[in-house]
Amino acid sequence: MRTKHVNVLIALAAFVLFSFSCFCISRMTQTSNQLINCRNHILEFKEKILRLKNKTERNRQELINALSKMKYEMTQRENTSTDLVEKKMNTLGKDETVSNNTFEVLKFFFPHLRKVGRIYPDVIIGKEKTGVSFALGISTVSRGNQSYLKQTLNSVVSRMTLSEEKDSVVIVSVADRNEDYLKSVVDMITKRFKRQLKSGSLEVISIPAFFYPNMLHIKQSTEDSGKLESWRIKQVLDFCFLMLYAQPKAMYYLQLEDDIIAKKRYFTKITDFVHNITSNNWFYIEFSILGFIAVNFAPNSLLPQRNEVTYFVPWIRTTEGKLFKSEDLTDFVRFFLMFYKDKPIDLLLGDIFQVKMCNPGETPEKCAERNKQIRIRYKPSLFQHVGIQSSFSGREQYSKDIYY
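Let us look at the structure shown here. As the structure is a prediction and not an experimental result, all values here were calculated from the model. Once a new chain begins, its residue numbering starts again from 1 and follows that chain's sequence as written. Per-residue local features are limited, in this predicted model, to residues with pLDDT of at least 70; the limit for side-chain atom pairs, both in listing and counting, is 80 or more; totals at the level of whole chains, interfaces and linings are taken over all residues. Note that the side-chain values use all heavy atoms of the structure and ignore hydrogens as well as water.

### What about the packing of helix α9 (residues 329–338) against helix α10 (residues 345–357)?
Phase 1: With their axes 10 Å apart at the nearest point, α9 and α10 run at an angle of 110° to one another. When the axes of α9 and α10 are compared, the pair comes out roughly perpendicular. Classified by chirality, the crossing of α10 by α9 is right-handed. Mapping the contact onto sequence places Asp331, Phe332, Phe335 and Phe336 in α9 and Ile345, Leu348, Leu349, Asp351, Ile352, Val355 and Lys356 in α10. What counts as an axis is a line fitted to C-alpha atoms, over the stretch in contact for a helix, and the angles between N-to-C directions run from 0 to 180 degrees. Only DSSP runs of H or I reaching four residues or more are called helices, and only runs of E reaching two or more are called strands; each is numbered from the N terminus. Here the word oblique covers every angle except those under 35 degrees (roughly parallel), over 145 (roughly antiparallel) and from 65 to 115 (roughly perpendicular). Crossing handedness: left-handed means the near helix sits turned counterclockwise from the far one by under a right angle, and right-handed means the same turn made clockwise. The contact definition used throughout considers only heavy atoms, calling two residues in contact when any of these lie within 4.5 Å.

### A word on the nonpolar core
Phase 1: Definition used in this section: a nonpolar core is a set of buried Ala, Val, Leu, Ile, Met, Phe, Trp, Tyr and Cys residues joined via side-chain atoms within 4.5 Å. Relative accessibility decides the category of a residue: with a 1.4 Å probe and only protein chains considered, values under 20% of the type maximum give buried, values over 50% give exposed, and everything between is partly exposed. Ranked by size, the top nonpolar core spans 48 residues in total, and within it Leu106, Phe110, Phe211 and Phe336 carry the most contacts.
Phase 2: For this core, the secondary structure elements donating two or more residues are α2 (105–109), β2 (132–140), β3 (168–174), α7 (223–246), β5 (250–256), α9, α10 and α11 (364–374).
Phase 3: Among residues more than four places away in sequence, those in contact with Phe336 are Val236, Cys240, Met243, Ile345, Leu348 and Leu349.
Phase 4: Ranked by size, the runner-up nonpolar core spans 40 residues in total, among them Ile124, Leu182, Val204 and Tyr266.

### Considering the state of the cysteines
Phase 1: Here, two cysteine sulfur atoms that lie within 2.5 Å of each other are counted as a disulfide. Scanning the entire structure with this criterion turns up 1 disulfide.
Phase 2: Each disulfide pairs two cysteine sulfurs, and for Cys358 the partner residue is Cys367, the sulfurs being separated by 1.6 Å. Taking the sign of the torsion about the S-S bond as the criterion, the disulfide between Cys358 and Cys367, at about -45°, is left-handed.

### Considering the packing of helix α3 (residues 149–158) against helix α5 (residues 179–192)
Phase 1: Between α3 and α5, the least distance of the axes is 11 Å, while the angle of their chain directions is 35°. Here the hand of the crossing between α3 and α5 comes out right-handed. For the pair α3 and α5, the contacting residues are Leu149, Lys150, Leu153 and Asn154 in the first and Tyr181, Val185, Met188, Ile189 and Arg192 in the second.
Phase 2: All residues other than Ala, Val, Leu, Ile, Met, Phe, Trp, Tyr, Cys, Pro, Asp, Glu, Lys and Arg, Gly among them, are scored as polar; the first ten of these are nonpolar and the last four charged. For the contact of α3 with α5, the residue count by class is 6 nonpolar, 1 polar and 2 charged.

### What about the environment of Leu256?
Phase 1: Checked against the element boundaries, Leu256 lands in strand β5.
Phase 2: Residues Leu256 and Gly137, 119 residues apart in the sequence, show an inter-C-alpha distance of 5.9 Å.
Phase 3: Aside from chain neighbours lying at most four places away, what touches Leu256 is Leu136, Gly137, Ile138, Ser139, Val156, Glu320, Gly321 and Phe383.

### Digging into the sheet that holds strand β1 (residues 122–125)
Phase 1: One bridge is not enough; two strands pair if DSSP finds at least two bridges between them. What the 8 strands build is an open sheet, ordered β1-β4-β3-β2-β5-β8-β7-β9; its pairing is mixed. The sheet is open, and its two edges are formed by β1 and β9 (375–377), each paired on a single side. Here the strands of the sheet are splayed against their neighbours by 25° on average, with no regard to which way each runs.
Phase 2: Bridging between strand β7 (residues 284–286) and β9 involves 3 bridges; their strand directions are parallel.

### Things to note about the pairing of β3
The two faces of the sheet receive side chains in turn, since in a regular strand these alternate between them.
Phase 1: Burial analysis of β3 places 7 of its 7 residues in the buried class, which makes it a mostly covered element.
Phase 2: The sheet contact formed by β2 and β3 spans 7 bridges and is parallel. Directly across from Thr140, in β3, lies its bridge partner Val174.
Phase 3: Pairing between β3 and strand β4 (residues 202–206): 5 bridges, direction parallel. Of the residues in β4, the one forming a bridge with Val174 is Ser206.

### Some words on the pattern of salt bridges
Phase 1: By convention in these notes, a salt bridge is any Lys or Arg side-chain nitrogen within 4 Å of a carboxyl oxygen on Asp or Glu. Enumeration according to the criterion identifies 11 salt bridges in this entry.
Phase 2: Residue Arg377 pairs with Glu286 through a salt bridge whose shortest N-O separation is 3.4 Å. With Arg377 in strand β9 and Glu286 in strand β7, this residue pair connects regions lying 91 residues apart in the sequence.
Phase 3: Arg377 sits in the partly exposed class, given a relative accessible area of 23%.
Phase 4: With relative accessibility at 6%, the residue Glu286 sits in the buried group.
Phase 5: One salt-bridge network, in which partners are shared between bridges, spans Arg143, Asp258 and Asp259.

And the structure:
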């Protein structure tokens, strides 16, 4: 009996031991599976981290490449020094427009332009700013080894307030076929006037070569006189092109030279003076007397008398410091183009006044009185001529505005 009990206990112990072994083996198997799953999850997570790292590296490299490209493009724009004619920063294509029919008036006077399709300037730099009160036009050509343009722009631009700068646009028109001079102008402006270019308050255009007519028909008495006459004719045409470009941009247009300096607060004085004029029936306002030639060149004209211009050299011709209403510019240009081969532009200004404002049979005294009312002079002058080397090769000029 006792032996039987012992056998039962042994069997029970064996069963318990077997059951425990099975339980342990089951738990170990379950734990092993969990460890394998955990290992797999770790490996999968590691693989995802590796892929994310690779993707991040690619993104970082792409970002570096993009930044490098941007930096290169900015450097290229700031240091425009090669192939500027081909790499124009804001060039108007033939299918774009400056303004509808802006230059169409030229085709009436120059038959050769009727074959070129749409007429447009080469806009080198600019945002084509419009809707401002004042456009300031500066025509520039090469003067050999001498240049006054940087000094002029420094004076004109720096003496505006930010609000005045916002309500105006300065247009530099390069009227020279010399590409080296064009490149030097663009290089100087892009380096020294970045803010004004970025804001759109400064533009540079170049007049296309196809604009100019063949001047070989000019009668030349001597070689020098022929060159001088060609230079004066080109000057009229340069002003006409610039005026047409500026006309749709602003309410008023101020003509300046590339070799002047402006007085402090000149722009504020101009603005205040224009806004305080009670009548809108003025022809133009002169803020400098430069450009009116002594009367021995126009004996019957209504230009200022000789004692006011005794410092002038006979061949100097300009419209320096003259302010026009933009709505009148097209009429001025039409008149200039009718007689561009006959007289310099400043004398044509006197002629257009007589044609438009002097009545037939009217006495010269009465017409002269009207002249004082609608051709307004501001004193003291706001601009002074500083250039010595003329844009006409080989000539020097020492004219000064005695009212400056």
